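Structure assessment
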Amino acid sequence: MDSSSRVIRRLPDTLINRIAAGEVVERPASALKELVENAIDAGAGQVVVRLSEGGLGLIEVTDDGCGMRADEIALALERHATSKLPDEAIELVATLGFRGEALPSIASVARVTIESRSRENGEAWKRVVDHGALVAEGPAALPPGTRVRVEDLFGKIPARRKFLRSPRSEWASSLDVVRRLAMARPDIGFTLEHDGRRALHVQPGDTLAARVAQLVARELADNAVAVDLLRGDYHLMGVAGLPTYNRGVADHQYLFVNGRPVKDRLLLGAVRGAYADMLARDRHAVLALFLQVPAEEVDVNVHPAKTEVRFRDSALVRGMIVTGLRQALSTGDRRSAQAPDAGAMRAWQAEPVAPLFTPLPAPEPTRQGSIFAPSYQPPRVGEAGQAWRGYEASVMAPPVARAEEAAAPVPEAIEHPLGVARGQVAKTYIVAEASDGLVIVDQHAAHERLVLERLRAAGAGEGTAPAQALLLPEVVDLDEPACDRLEEAAPRLADFGLALERFGPAAMLVRSVPAALAKGDVQALVRDVADDLAKHGDALLLGERLDLVLATMACHGSVRAGRVLSVPEMNALLREMEVTPRSGQCNHGRPTWVKLAHGDIEKLFGRK
């Protein structure tokens with residue numbers, strides 16, 4: 001490097017703006033976020049967004065806010081020019097934007113057209129900037145408000161353009177941005193169109209709970225509790241899904257601080273802590289939390305995209321979230337998600353067990369004659385109660401151990417490596433006696449592995465897996481990006497026996513499921529498969545992603561913790577484990593069984 005290349009110089013404005021754009025405008029969704037935030041800050045009551053090719057071809061944001069004069073439009077395209085900081089108290093900022101970098105940064109890497117009509121003087125003006133150069137300006141025609149068009153994003157910067165993802169992926173990110181901002185402001189109406197089709201529309205004036213349910217999932221309204229906690233000047237409110245209403249990824253957790261959508265580690269950790277003893281490690285709560293704090297108690301200027309914040313009293317914030325969620329979930333409502341289906345309840349069968357008492361002789365037939373006879377007298381309630389108490393001592397026998405009497409001789413434990421079942425603990429763990437110790441089996445984890453190996457053995461993934469066609473195809477409502485991912489993976493999912501078709505922009509039609517999962521919950525299965533595809537995305541090869549999907553399917557077809565098993569069922573599970581490969585761990589890597597050797601048991605009791 002020669003001495004001339006080390007000379008310090010001022011960078012030209014065009015290069016400065018492109019460097020700033022690298023921080024603010026990472027992708028189309030980043031530019032869209034800045035433009036919609038500007039519309040909200042302008043006092044808009046309606047915001048209309050139009051996208052093409054996921055934002056790669058066109059981003060257009062129209063609002064009915066205060067508008068700008070011609071001189072203000074020119075000033076807005078200069079760096080660090082803003083109307084949102086009337087003084088130097090940046091720590092008291094109450095708007096979403098405040099740096100004055102977004103518009104000049106976007107205009108330096110795209111063709112930007114700004115049209116605005118001020119409510120002050122009623123004049124409308126237009127200004128067009130193409131990658132930092134002014135190309136046109138003049139009068140415009142539009143109602144009061146502002147319209148900003150961004151075209152050909154990174155068109156003259158191929159090095160940035162080639163690192164953008166596919167239009168489908170960019171569309172998913174843009175939809176998430178609009179959804180979060182619309183959730184933060186239920187008093188504003190939002191409309192989102194993509195390639196000429198309306199994808200989202202909410203009316204202004206919604207209640208907070210109604211807006212959240214409309215944007216997240218319709219069934220959330222029936223499977224959530226309200227959160228409302230006030231501590232001094234701190235106020236936490238929102239909607240929290242019941243622990244039984246959960247998802248496979250954390251993408252359905254929406255957090256807001258002073259109306260600003262954030263993805264903050266402190267807040268996410270607090271949410272995880274609040275649900276810690278109510279959710280499995282691989283499941284995530286569905287919620288939307290809105291935290292209002294004094295402006296001087298939070299620093300929103302710690303991230304270029306303003307998606308992270310820093311609290312003056314982080315312990316108080318974490319404690320509020322944990323306490324607010326736990327109070328709402330424990331005392332606010334004791335429901336479980338989704339009432340059981342009536343057809344499913346009728347399918348339950350009584351478990352055959354050995355009789356605990358000798359049947360009593362049948363009562364003699366009554367001599368009252370027909371119930372239509374004039375002399376008929378119905379039995380009195382008190383008499384019926386006395387008759388029941390006569391049987392009570394036999395029917396309501398004292399609790400006994402879960403293990404029942406065997407109809408056949410119990411097999412010798414020495415014949416089986418995992419022993420023979422002796423009982424069940426907490427409706428989750430099978431206790432078995434082996435020749436060399438005591439075996440404890442996690443019934444759900446073990447059966448999960450068995451179902452996975454059955455699916456593989458049946459040819460899942462090779463196009464030969466047996467499928468169970470549904471008599472009536474089932475429609476599963478999802479958001480559009482999830483449907484896109486499922487539609488893309490549909491040919492390979494069919495190899496597993498899961499036949500899916502697109503059913504409109506935001507739904508999938510299920511025509512068949514793997515035969516091993518014929519009695520499972522189709523809706524939950526498809527949602528979790530979609531979550532798996534979203535979670536792993538392009539980070540894994542297709543085969544690896546489909547292996548994870550297969551594991552998810554196996555989880556839905558397995559015996560759940562909390563189900564009471566008969567002794568023959570427990571022994572059948574143990575025998576199948578002994579002949580199934582990799583049965584020592586479940587699909588998530590956790591052990592399916594542990595053994596206490598006789599020597600270990602003797603040590604526990606001080607015999608060794």
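Reading guide: rules and limits
- Residues numbered from 1 in each chain as written.
- Predicted model: local features only at pLDDT ≥ 70, side-chain atom pairs only at ≥ 80, totals over all residues.
- Heavy atoms only, no water.
- Helix = DSSP H or I, 4+ residues; strand = E, 2+ residues; numbered from the N terminus.
- Contact = heavy atoms within 4.5 Å.
- Areas by Shrake-Rupley, 256 points an atom, 1.4 Å probe, with all protein chains shown as cover.
- Axes fitted to C-alpha atoms, helices over the stretch in contact; angles between N-to-C directions.
- Parallel < 35°, antiparallel > 145°, perpendicular 65-115°, else oblique.
- Left-handed = near helix turned anticlockwise from the far one by under 90°.
- Phe/Tyr/Trp six-rings, centres within 6.5 Å; stacked < 30°, edge-to-face > 60°.
- Buried < 20%, exposed > 50% of the residue type's maximum accessible area, 1.4 Å probe, protein only.
- Salt bridge = Lys/Arg side-chain N within 4 Å of Asp/Glu carboxyl O.
- Pairing = 2+ DSSP bridges.
- 1 Å grid on protein atoms, 1.4 Å probe; cavity = no way out; pocket = protein on both sides within 12 Å on 5 of 7 lines; lining within 4 Å.
- Points joined across faces, edges and corners; volume = space filled by probe spheres on them.
- Nonpolar A, V, L, I, M, F, W, Y, C, P; charged D, E, K, R; others polar.

Moving on, we come to the overall build of the protein. On a plain count of helices and strands, the protein comes out with 17 helices and 24 strands. If you take every contact in the protein between residues at least 6 apart in sequence, the share linking residues at least 24 apart comes to 68%. For the protein, the exposed area adds up to about 32,100 Å²; of that, 55% sits on carbon and sulfur atoms.

Attention now moves to the packing of helix α2 (residues 28-41) against helix α6 (residues 167-184). Here α2 crosses α6 at 20°, and the two axes come no closer than 9 Å. For the element pair α2 / α6, the angle class is roughly parallel. Relative to α6, α2 is oriented so that their crossing is right-handed. Within the contact between the two elements, α2 uses Pro28, Ala29, Leu32, Lys33, Val36, Glu37 and Ile40 and α6 uses Glu170, Ser173, Ser174, Val177, Val178 and Leu181.

Now for the packing of aromatic side chains. The tally for this structure, following the rule as stated, stands at one aromatic pair. Aromatic pair Phe256 and Phe290: ring centres 4.5 Å apart, planes at 5°, arrangement stacked. Placement of the pair is Phe256 in strand β12 (residues 253-257) and Phe290 in strand β15 (residues 287-292), with a sequence separation of 34 residues. The two residues Phe256 and Phe290 agree in class, both being buried.

Scanning the entire structure with this criterion turns up 30 salt bridges. Between Lys33 and Glu37 there is a salt bridge, with the nearest N and O atoms lying 2.8 Å from each other. With Lys33 and Glu37 both in helix α2, this residue pair falls four residues apart, about one helical turn. Across the pair Arg511 and Glu501 runs a salt bridge whose closest N-O atoms are separated by 2.7 Å.

Burial runs high along strand β10 (residues 234-241): six of the eight residues are buried. Note that strand β9 (residues 224-231) and β10 share eight bridges and pair antiparallel. Residue pairing for β10: Val225 is matched across the bridge by Ala240. Adjacent in sequence and paired antiparallel, β9 and β10 are bridged by two residues, among which Gly232 carries a positive phi angle near 60°.

The strand order β21-β23-β22 describes an open sheet built from three strands, whose pairing is antiparallel. Two strands lie at the open edges of the sheet, namely β21 (467-477) and β22 (499-502), each paired on one side alone. On average, each strand axis in the sheet is tilted by 15° relative to the strand beside it, whichever way the strands run. By the bridge criterion, four bridges tie β22 to strand β23 (residues 507-514) in an arrangement that is antiparallel. Bridge assignment links Arg502 to a residue of β23, and that residue is Met508. Here helix α13 (residues 480-495) sits on the sheet and contacts β22 and β23; the angle it forms with β22, its principal contact strand, is near 135°.

Moving on, we come to empty space enclosed by the protein. Under the definition given, this model contains one cavity of 30 Å³ or more. Lining of the largest cavity is provided by Leu236, Leu255, Phe256, Leu267, Leu289, Leu291 and Ile321. Those elements that place two or more of their residues in the lining of the largest cavity are β12 and β15. Considered class by class, the residues forming the lining of the largest cavity number seven nonpolar, no polar and no charged.

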